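# Coordinate inspection notes
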Amino acid sequence: MTHPLGTQPAHRHTPLSAEEKARSEANFAPFVAQQLVANGRFRVSADTPEMVELFQAVARRVGEMLGRPVVSYANGRYMVITFGQEEASDSPAEASAQHRSDRQASSM
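Residues numbered from 1 in each chain as written. Predicted model: local features only at pLDDT ≥ 70, side-chain atom pairs only at ≥ 80, totals over all residues. Heavy atoms only, no water.

So, on to the overall build of the protein. A tally of helices and strands in the protein yields 3 helices and 3 strands. When the elements of the protein are put in sequence order from the N terminus, they spell out α-β-α-β-β-α. The 108 residues of the protein split such that 30% are buried. Only carbon and sulfur atoms are counted for the fraction: they give 51% of the accessible area of the protein, which is about 7,600 Å². (Helix = DSSP H or I, 4+ residues; strand = E, 2+ residues; numbered from the N terminus. Buried < 20%, exposed > 50% of the residue type's maximum accessible area, 1.4 Å probe, protein only. Areas by Shrake-Rupley, 256 points an atom, 1.4 Å probe, with all protein chains shown as cover.)

This is the structure we're talking about:
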């Protein structure tokens, strides 16, 4: 198939299967956790809703792995995953409730 001079064919995206999503989340989480601990943040290209969803799930998993609030921000081209604000609390129950609240906020 020929294309007019100077044009490229449109990129066709094949969605990930459920198994691929699960494997991706499981495999990315340890790497992202390592980057957060070392650098305080992780940035990745996430230019499709599917990739944003995948890395939001990774961020939730990393927060659970590290036992710290983790948040993610996306702008349509990139996603940044970083530690959320930790507030001092009087009891472990309050800390746990705050952690759940931060995880829910990061998924929005």
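Let us look at the sheet that holds strand β2 (residues 70-74). Spatially, β1-β3-β2 is the arrangement adopted by the 3 strands of the open sheet, whose pairing is antiparallel. Sheet topology places β1 (41-45) and β2 at the edges, where each strand pairs with a single neighbour. This sheet shows a mean twist of 15° between the axes of neighbouring strands, independent of strand direction. Pairing between β2 and strand β3 (residues 78-83): 5 bridges, direction antiparallel. Its bridge partner being in β3, valine 70 is matched across the sheet by phenylalanine 83. (Pairing = 2+ DSSP bridges. Axes fitted to C-alpha atoms, helices over the stretch in contact; angles between N-to-C directions.)

Only one face of β1 is covered, namely the one carrying Phe42 and Val44; the face carrying Arg41, Arg43 and Ser45 has none of its residues buried. As paired strands, β1 and β3 are joined by 5 bridges and run antiparallel to one another. Looking at β3, one finds that arginine 41 is bridged to threonine 82.

Our focus in this paragraph is the environment of glutamine 85. Note that glutamine 85 resides in the loop between β3 and α3 (92-106). Residue classification places glutamine 85 among the exposed positions, given a relative accessible area of 68%. In the structure, glutamine 85 is positioned 14 residues away from valine 71 in sequence and 9.0 Å away in space, judged by C-alpha atoms.

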